[in-house]
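Examining the three-dimensional arrangement
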Amino acid sequence: MADLMWVQWYATVLRQNVFAEAVAEVAPIALRYGATQYQVHVSNDDRYKITQMTWVPSHAAWYSFWEGPEMIEFRARYSGKYQVPIVYAWADEIASGSRAAGVVNGTAEPAASPVSTPAA
């Protein structure tokens, strides 16, 4: 399974919305460096806490992204909008799943019947 990088950003006071949007914009760039998936979450309990998750096939792919020109520029540009140090950690994904839209227990849900409209 892929390695998961878990980056805990913490925005500075009154800059959480701008910074969260910026993280959401830069996160997809990891796909160019071999990442297979990314997610960005904002905590409901602490709106200043932003979590960036990136699934990568190897440590080399992560460091290519993290030390790449886009992330270097991102950290420099937004340096006053997040707290230092940046805390990130590796995690091993040992299970994963999702429910595809329209599928229940391996079978497709019946299509909704069309709504009839009165003839004019």
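Below, the structure is looked at part by part. All chains use their own residue numbering, which begins from 1 and follows the written sequence. With the structure being a predicted model, the display of local features is reserved for residues of pLDDT at least 70 and the display and counting of side-chain atom pairs for 80 or more, all residues being used for whole-chain, interface and lining totals. Neither water nor hydrogens contribute to the side-chain values; these are computed over all heavy atoms in the structure.

The next point concerns the pairing of strand β1 (residues 3–10). It is a general feature of regular strands that their side chains alternate between the two faces of the sheet. With 8 bridges connecting them, β1 and strand β3 (residues 49–56) associate as antiparallel partners. Within the sheet, the bridge partner assigned to Leu4 lies in β3 and is Trp55. Here a strand pair is declared whenever DSSP counts at least two bridges between the two strands. What counts as a helix is a DSSP run of H or I of at least four residues, what counts as a strand is a run of E of at least two, and both are numbered from the N terminus.

In space, the 4 strands of this open sheet follow the order β2-β3-β1-β4, with antiparallel pairing throughout. Both edges of this open sheet fall to β2 (37–42) and β4 (87–92), since each of them pairs with a single strand only. Neighbour to neighbour, the strand axes of the sheet diverge by 15 degrees on average, direction disregarded. Residue contacts are defined here by distance: any two heavy atoms, one from each residue, within 4.5 Å place the two residues in contact. Every angle, taken between N-to-C directions, lies between 0 and 180 degrees, and every axis is a line fitted to C-alpha atoms, over only the stretch in contact when it is a helix. Strands in contact with helix α1 (residues 16–26) are β1, β2 and β3; relative to β3, the strand with the most contacts, it is inclined by about 5 degrees.

Exposure classes here rest on a 1.4 Å probe applied to the protein chains alone. A residue is buried below 20% of its type maximum, exposed above 50%, and partly exposed in between. For helix α3 (residues 69–77), the complete set of buried residues consists of Met71, Phe74 and Arg75. Buried residues of α3, viewed axially, fall in a sector of 95 degrees; they line one side. Away from the buried face of α3 by more than 90 degrees, exposed residues Pro69, Ala76 and Arg77 are located. For α3, the secondary structure elements touched by its buried residues are β1, α1 and α2 (59–66). Each C-beta atom gives one direction from the helix axis, and the arc is the one those directions make.

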